[in-house]
Amino acid sequence: MDKQRLGETLRPYLMIAPAMAGIFLFVLYPVVFLGYLSLYDYNLMNKAKSKFIGFDNFAEIFSREDFYKSLSNTVIYTAGVVVLTLLLSLLLAVWLSKKSKFNVFVQAGIFTPHVVSIVSIALVWLWMMEPNLGFLNYVLKALGLPTSEWLQSSRSALMSVILVSVWQGIGYYVLIIVAALQSISPSIYEAAALDNANKLRTFWKITLPMISPQLFFILVIMTIGSFKVFDTVKVMTGGGPNNATNTLVYYIYENRTTNIGYASATGVVLMAIIALLTFVYFRLLSRRVHYQ
Amino acid sequence: MASIEFVRVSKAFDKQEVIKDLNLTIEDGKFTVLVGPSGCGKTTLLRMIAGLDPQTSGSVLIDGKDVTRIAPGKRGVAMVFQNYAIYPTMSVRENIEFGLVNNKVGKAEREELVESIGKAVGLSDYLDRKPSTLSGGQRQRVALARAMVKKPSVFLMDEPLSNLDAKLRVQMRIELIELHKKLGTTFVYVTHDQVEAMSMADKIVLMNKGVIQQEAPPDTMYRRPSNRFTAQFIGTPPMNIGELGAGGIKYGFRPESAVLSEVQGDEPFSVRGVIATREMLGSETIYQVRSDSGNFMVKRSEDLFAAGQEVFVGVAAEKLHFFGEDERRIEEKQGAYRDYLEALRGRSHG
Ligand SMILES: Nc1ncnc2c1ncn2[C@@H]1O[C@H](COP(=O)(O)OP(=O)(O)OP(=O)(O)O)[C@@H](O)[C@H]1O
Ligand SMILES: [Mg+2]
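Residues numbered from 1 in each chain as written. Chains lettered and ligands numbered in written order. Predicted model: local features only at pLDDT ≥ 70, side-chain atom pairs only at ≥ 80, totals over all residues. Heavy atoms only, no water.

All names here are of chain A. Closest axis-to-axis distance for the helix α3 (residues 65-96)/helix α4 (residues 101-115) pair is 10 Å, and the angle between their directions is 155°. Classed by the angle they form, the pair α3 and α4 counts as roughly antiparallel. The residues of α4 that touch α3, namely those facing L92, W95 and L96, are F102, N103, V106, Q107 and I110. (Axes fitted to C-alpha atoms, helices over the stretch in contact; angles between N-to-C directions. Helix = DSSP H or I, 4+ residues; strand = E, 2+ residues; numbered from the N terminus. Parallel < 35°, antiparallel > 145°, perpendicular 65-115°, else oblique. Contact = heavy atoms within 4.5 Å.)

So, in structure tokens, the structure goes:
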């Protein structure tokens, strides 16, 4: 009798055990280990020489100029990518949400970059952005517009990286928003037309609230993703010129061999920032999101 | 207050003509019901009045003015959609208020209107709720309130009761009739339920395949159907129709107009048959009688016969209808009417 009861209590735990083991091994353990490393002056060659230094790594982070530089780069990059992608994909989606052959074609075109590896895309853009022989300046010159130094000037480099990221990601988000727009019942728009609502008001009062769950999702996902940007930076600029495009993850990557404890501490800080941001989003915006 | 007029209106979807050269006048202040089988173009007609799907050719006039170029929101019409089309992200109050805000009604007046309409439809306690937390009947009231609050001169309703359960439907039917009495505005109501049509309408417009079959008050529609389609659409079970013989003339009578007896009576129509089925529905019984002239449905309030029994089906002269080869009704005044009656008497068999 008691044995049976015990079995019954244990069974659910037994059943989720494999999944939990995976989560422990691949999620929790690395995070904890990251935290552990961040408290050490860790020596990769000789483990015995590692020593516990408490919060010294963190103190160092917050006193170093280059950390603040990469943090502000990351913030500017994230803000730029998130705002631009949201606005552009919303605009494109509104345009593409009318079902027609042409629109399907355009949508497929916009989505294609998402299928291609970011490394290839970054390389292609790298060539196009070459100041003297590149395609972009050629076009600008042909149109009689001022050319740009693109990735080679610290003033325009971050903007160029933002441009590529937006271009690469937009198709995916357009797809999500188009799907959301198409799921809105047309009779709601007809009711709005009968209620004498003009286009702008219909958009603000009906379309936006109706797709707010998707927009919120995109906002959160993209903020997290952009804060962790690495590949574009790695391929296109290597953090340069003059640290103008050095972002947090690339900063961690640069420190990975010389000072793993310091890199880990930066990782912990990054995690904390993202967690905080997500929390703030939920606190501020969740009341404006209409789940049905 | 407004009358609605269709003048030679046609409507095509992708070259497929749904309505062709339709002329119709909907009187000011009347409760007009559009009824007809599924796909006959009722919704299409309603949407043309609202301006949601403008006509392909011809003109729609509201109060004598051609509204072809007038936006839906400026026609003075309000519509209750079949699926209600309530704004799901707005509270009940915001739903009702939306049209008023767009029409730049002042805040104080708006609040007063919303409160009073909310009370009228019994939603006072729900004004700050989200529509997703309301029952089907309550949502329907929101849709009604949203239409009423704009004080439209024309009320359009597209099968507003079809999502409700039978009991609530009867209740809402009465409430709508009362609402119409109170407001005195033009109501155009679409349904495919003939009971709804009969019970609510001042005038029924019966359509089939985009063509108006008959426009008449309910009792005329029932007593003097102008063609065979009308005769068989209105009434349950539908009118019995039989071949008179030569000339493609058909006769018809309603199941409730026939009498059953064990001995042959002296009605002009009298045939012998056997009761094939008997459905006892409580207050009435429906028999299916099989005879040499065909199968007839007979509805009686008394329940005297059993299945398998041999009976005579009799119909009085004034309860008989005749339809010509073109399916149109043959009026009593027409000369041939007597001949057809005699022909039918001659065919009676005992
Ligand atoms: N947007 C559309 N595109 C193409 N055909 C349409 C469209 N809307 C309606 N139709 C066609 O027009 C005809 C009339 O449709 P309508 O919706 O007016 O029927 P209805 O009388 O309201 O039927 P129900 O009682 O089923 O609602 C149908 O044959 C339908 O297929
Ligand atoms: Mg319809």
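With that settled, consider the nonpolar core. Counting 85 residues, the largest nonpolar core has I211 of chain A together with F6, L45, L156 and V188 of chain B as its most contacted members. Per-element accounting of this core gives the leading share, 13 residues, to helix α7 (residues 157-182) of chain A. Excluding anything up to four places from it in sequence, L45 of chain B contacts F6, I19, L22, L24, L34 and M207 of chain B. Of all hydrophobic cores here, the second largest spans 44 residues; its members include I96, V105, L113 and A197 of chain B. (Core = buried A, V, L, I, M, F, W, Y, C linked by side-chain atoms within 4.5 Å. Buried < 20%, exposed > 50% of the residue type's maximum accessible area, 1.4 Å probe, protein only.)

Attention now goes to the pattern of salt bridges. Residues and elements named next belong to chain B. Counted under the stated rule, the structure contains 24 salt bridges over all chains. The partner of D53 in a salt bridge is R47, and the shortest N-O contact between them spans 3.0 Å. For D53, a relative accessible area of 22% puts it in the partly exposed group. Residue R47 is classed as buried on the basis of its relative accessible area, which comes to 15%. A salt bridge links R93 to D128; its shortest N-O distance comes to 3.3 Å. Of this pair, R93 sits in helix α2 (residues 92-102) while D128 is found in the loop between α3 (107-120) and α4 (136-148), placing the two residues 35 residues apart along the sequence. Salt bridges sharing common partners tie together E27, K30, K203 and E215. (Salt bridge = Lys/Arg side-chain N within 4 Å of Asp/Glu carboxyl O.)

Next up on the list: the sheet that holds strand β5 (residues 65-66) of chain B. All names here are of chain B. Across the sheet, which stays open at both edges, the 4 strands sit in the order β2-β1-β4-β5 with antiparallel pairing between neighbours. Looking at the sheet topology across the chains shown, the edges are occupied by β2 (16-26) and β5. Where strand β4 (residues 57-62) meets β5, 2 bridges bridge the pair, whose relative direction is antiparallel. Bridged to L61 within β5 is D66. (Pairing = 2+ DSSP bridges.)

Here the focus is the site of ligand 1. Residue and element names in this part refer to chain B. Around ligand 1 lies a shell formed by F13, V18, S38, G39, C40, G41, K42, T43, T44, E159 and H192. Between ligand 1 and T44, the relevant distance is 2.4 Å, taken from an oxygen atom to a side-chain nitrogen or oxygen of the residue. Between E159 and ligand 1, the recorded distance is 3.3 Å, taken from a side-chain N or O atom to an oxygen atom. Coverage of ligand 1 by the protein amounts to 62% of the 640 Å² it exposes when considered alone. The element that contributes the greatest number of residues to the shell around ligand 1 is helix α1 (residues 42-50), accounting for 3 residues. Its residues assigned to classes, the shell around ligand 1 comprises 3 nonpolar, 6 polar and 2 charged. (Near = heavy atom within 4 Å. Polar contact = N/O pair within 3.5 Å; in protein donor to acceptor, adjacent residues only side chain to side chain. Areas by Shrake-Rupley, 256 points an atom, 1.4 Å probe, with all protein chains shown as cover. Nonpolar A, V, L, I, M, F, W, Y, C, P; charged D, E, K, R; others polar.)

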